[in-house]
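Examining the three-dimensional arrangement
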Amino acid sequence: MKFFKKGTKPYLLRIVVSPVLALIVSISCFSLPTSYAYYQDELGDNVFGITSIGQPQSIVLQSPGFEDGSSATAWTTGGGSQYNFALDNMAGRNGGTAATIESPAGTAPGFPFYSQDLTGWSVGMPIEFGAWIRTEVEDTSPAGAYLAVSYYDSSGSRIAFDQSSALKGSMDWTYVKAVGIVPQGAVTVKVRFLLNGTGKAYYDDANVSVYPQADVPQAVYASQVQLNVAGSPSNSDLLGFGTEINPFTFAYDGLTAADKQMIFDRLSEIRPAWVRVFVDTSWWVTDTGYDFTSTMASALLEDLQMCNDLGAKVNLVMWEPTELRTSAIIADQMSALLLWLQSQAVNVAALTLYNEPDHVYPGTSTEYVDMYDVMKQSLQTNNLTQIELIGGDVGANDGYLDMVAPQLNTNVEMLSYHQYVPYKKSLLKPVFRAALAAKTAADNGIPDMYGWESNLTGGQGAGGGFSPGVDSVDGKLLPDRFSSVLKLSSYMLQALASGVKGLSYWEAFEMSYSPDPNDLNWIMHFGMWSHKTDDFTLRPAYYGFQLLSGFIDPGASITSLTDASANHTLLSYMVDNPDGTHVVYLVNPWDQPVEATVDFGNACYSSANAKQYVFEASAVADAIGAEQLSLDESAVTFDNGLLIDTLPAESMAVILLDDQPPVTTATAARKEGAHEGESKTVKVEFHADDGAHGFGVKQIQYSLGHGWTTVADEEDTVYVKTRKNVLNIRYRSIDHAGNVENVKRLIVKVDKLPSAYED
């Protein structure tokens, strides 16, 4: 890239105009549309999550394993006399006692429970309630067996609750947990075992932890804030951002060559580091062996070739068979696919066995771990050891990772989780859950935790009830609502800062999981752009995700900016990329503008230029209307290491700092035909690269010893006539940020050059 165009948007101050940091800005340019008043409930202080969780502290439960005589008084029962409660002294997880709830056949499902009051907590404190559950519960039950933490006010009314995932069917002992934060107004906290369904559930070995050291921010609006770049990164060696692609789109939607090019162009702008692709063994497994000529196998190959062309790492995810297959069969089937893809020159970086195993894996946790062990052996046998194994993807707030991670740590290089962000609720709990997921990986010696599915939730209906659905008031799909996307972007930044190594958006474009191409109910119209039938119209989610995926590279680190005030007004982070560029993210969730001064405290920024992109409602609407693949960029400058800017209401500013010079190479060749003693013509070709995030090369310069000459932009080539046998050519490049490359030298022994070109 050689140039960048300065944007013309009027809503941002671009220049610091005096040493006393005076700002000339017209407040009238920040007039707000009336619709902002409606969005206040999902942004504002709801955008701020926990900044650190500290160490857990156990809360003492009475009779957590039901092994002592106090169980009957420690745990109270309720929910109706039609349910059976018992302490079975032979049914426990390790042969001891378990508490049971039975809802007999013919009994209407309700909410029978065991309950115990807690002490040792305080308002605003994160809390985690875990236990083991075994079920003999009808699959048709409304929910199943689960845990809950319930919060009550001074009148005894329940004001909030957090619950675990639910188990039903015939499930062996499984660890589950409910994770939450004690809300304002709570005076009583209860932990509960519940059963919503028909059958019998067993509960054992409960535990409760709180996080008294957790940093829960006090978020308030301020018209001016001072931020400082200080301290160490909170997370490093990031894996970058990814997205999800599905071969069904290529197989069933009748995409034209132009459609496919459009998809490639948009994904190229997003620059995903990872792409997650589902595969189903039925696509190539037949009764007589393996057939890779099927429609879906061909679509998969086309999909993965596109991913390789994008430079994205591929994570294949084995879609879940409904029946339990032996580990050896799964390993053979997946290895056959991987070997075929290798023969087609397709690179696969990682493999996940079963999507969301906490919900759908039909075996025990021991069998799940064994499946990975056998798969790893198969990769070694087939010389496929370059392919990593990834465990998951599981819910961020359930206990499946806690249960399997200690056994998976010798087989997997990464764990993965999913988090659906409630668009009209606080991000305190989602960010806390992300931090816990990262902690689970680290505590079990697994270096990386990735949020493979990050999406919005809380909407209504649409697509058979799939998340994210539509807003109940304006009827828009959540990724089509600017404010909802700003909420999701805020979550992703905070998840990275809390220890998660990378995140993916749930869909890159419309997806279908149905084997029937006419089953439109299974086409999910929720992606970053609309379905083909709606002309692939871009949505705000596309731009919001692009500003994360396109600027945070694998190997980067992230640092939270320090607010000079004790309160928090902006979400603010600095990302240091491996190429030496830096990206500042400033999120203003309030319905009023905020003037921000960022003190970098580092001389290297004293004369740095920067460019800026602003994710703001009107800018996004303009870009969608113009079918632009990226938002307009604008220039910003520094004054003695200070960046001063005014953020529009409800916006995210992404400021790219380039203090790294371009990298230039030079090669030489001699023209045919020159004889001894005659002038010889040497052709010198230069190539300069300013990197993916650089501002672009402004000029290439060379010198033969008498000052600097600029190489013509359209040529990058010079011709030197000489009678000398040795040329000493100095050269360098300068980028649009003003960074000057250190001088390099090319020593050319003219007579020894190959005659490589003619006129």
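These figures come from a predicted structure and were not determined experimentally.

Within this structure, the stated rule accounts for 20 salt bridges. A salt bridge links Arg134 to Glu136, with the shortest nitrogen-to-oxygen separation between them at 3.2 Å. For Glu136, a relative accessible area of 40% corresponds to the partly exposed category. Taking the shortest distance from any N to any O, the salt bridge between Lys439 and Asp443 comes out at 2.7 Å. Of the two residues, Lys439 and Asp443 both sit in helix H10 (residues 428-443), four residues apart, roughly one turn of that helix. Salt bridges linked by common partners bring Glu244, Arg276, Asp393 and Glu453 together as one network.

Here 10 strands make up an open sheet; going across it, the order is S25-S27-S28-S33-S30-S31-S32-S29-S12-S26 and the pairing mixed. Bordering the open sheet on either side are strand S25 (557-560) and strand S26 (562-563), each of which pairs with just one other strand. One ladder, built from four bridges, connects S25 with strand S27 (residues 571-576); its direction is antiparallel. Bridged to Thr559 within S27 is Met574. Of the strands in this sheet, strand S28 (582-588), strand S30 (609-616) and strand S33 (651-657) touch helix H12 (residues 540-549), which is tilted by about 150 degrees from S30.

Once that is clear, we can look at helix H5 (residues 295-310). Helix length check: H5, at 16 residues, gives a terminal C-alpha distance of 23 Å against a target of 22 Å (1.5 Å per residue), a fit within 8%. The set of residues buried in H5 consists of Met296, Ala297, Ala299, Leu300, Leu301, Asp303, Leu304, Met306, Cys307 and Leu310. Just past H5, the residue Gly311 takes up positive phi, approximately 80 degrees.

Moving on: the sheet that holds strand S2 (residues 76-78). Read across the open sheet, the five strands follow the order S2-S5-S10-S7-S8; overall the sheet is antiparallel. In this open sheet, the two strands that pair with only one neighbour each are S2 and strand S8 (158-163). Averaged over all neighbouring strand pairs, the angle between strand axes comes to 30 degrees, with direction disregarded. As judged from the five bridges shared by strand S5 (residues 113-117) and strand S10 (residues 188-196), these two strands associate in the antiparallel manner. Residue pairing across strands places Phe113 opposite Leu194, the latter belonging to S10.

Right, let's get into the side chain of Thr352. Secondary-structure assignment places Thr352 in strand S18 (residues 350-353). There is a polar contact of 3.4 Å between the side chain of Thr352 and the backbone oxygen of Ile390. What Thr352 contacts, discounting residues up to four positions off in sequence, is Asn315, Leu316, Val317, Met318, Tyr372, Ile390, Gly392 and Asp393.

Remark: helix H6 (residues 327-343) packs on helix H8 (residues 365-381), axes separated minimally by 9 Å, with the N-to-C direction vectors making an angle of 40 degrees. One finds that H6 runs oblique with respect to H8. Classified by chirality, the crossing of H8 by H6 is right-handed. Contact with H6, carried on its side by Ser327, Ala328, Ile330, Ala331, Met334, Ser335 and Leu338, involves Glu367, Asp370, Met371, Val374, Met375, Ser378 and Leu379 of H8 and no other residues of that element. When its residues are assigned to classes, the contact of H6 with H8 shows nine nonpolar, three polar and two charged.

As a further point, take the packing of aromatic side chains. Inspection of the entire model under this criterion finds 32 aromatic pairs. For the pair Tyr542 and Tyr543, a centre-to-centre distance of 5.0 Å together with 80 degrees between the ring planes defines the contact as edge-to-face. An identical accessibility class is assigned to Tyr542 and Tyr543; each is buried. Between Phe686 and Tyr731, the aromatic rings sit 5.6 Å apart at their centres with planes inclined by 55 degrees, giving tilted as the arrangement.

The next thing to look at is helix H13 (residues 617-626). Regarding H13, the residues found buried are Ala619, Val620 and Ala623. The buried residues of H13 occupy an angular sector of 100 degrees when projected down its axis, which confines them to one face. Check the buried side of H13 and you find it contacts helix H11 (482-497), H12 and S30. Positive backbone phi, approximately 55 degrees, marks Glu627, located one or two places after H13.

Cut-offs and rules
Think of each chain on its own: its residues are numbered from 1, step by step along the sequence as written. Since the coordinates come from a predicted model, pLDDT governs what is reported: local features require at least 70, and pairs of side-chain atoms require 80 or more to be given and counted, while whole-chain, interface and lining totals use all residues. With hydrogens and water stripped out, all remaining heavy atoms of the structure feed into the side-chain values. The term salt bridge refers to a side-chain nitrogen of Lys or Arg lying within 4 Å of a carboxyl oxygen of Asp or Glu. Throughout this description, buried means an accessible area under 20% of the type-specific maximum (1.4 Å probe, protein chains only), exposed means over 50%, and partly exposed covers the range between. A run of H or I in DSSP becomes a helix once it reaches four residues, and a run of E becomes a strand once it reaches two; helices and strands are each numbered from the N terminus. Note on pairing: DSSP must find at least two bridges between two strands before they are called paired. The contact criterion used is simple: two residues touch if any of their non-hydrogen atoms lie within 4.5 Å. Angular values range over 0 to 180 degrees, each being the angle between N-to-C directions of two axes fitted as lines to C-alpha atoms, with helices fitted over their stretch in contact. By this rule the span expected of a helix is its residue count minus one, scaled by 1.5 Å. Each polar contact in these results corresponds to two N or O atoms within 3.5 Å; when the atoms are within protein, one needs to be able to donate a hydrogen and the other to accept it, and residues that are neighboring in sequence are counted only if both atoms are side-chain atoms. Note that the term roughly parallel is reserved for angles under 35 degrees, roughly antiparallel for angles over 145, roughly perpendicular for angles of 65 to 115, and oblique for everything else. Crossing handedness is defined as follows: a turn of the near helix away from the far one that is anticlockwise and smaller than a right angle gives a left-handed crossing, while the clockwise case is right-handed. In the scheme used here, Gly and all other residues not listed as nonpolar or charged are polar, with Ala, Val, Leu, Ile, Met, Phe, Trp, Tyr, Cys and Pro taken as nonpolar and Asp, Glu, Lys and Arg as charged. What counts as a ring pair is set by centres within 6.5 Å for rings of Phe, Tyr and Trp (its six-membered ring), and what kind of pair is set by the plane angle: stacked under 30 degrees, edge-to-face over 60, tilted for all other angles. It is the directions from the helix axis to the C-beta atoms that the arc portrays.

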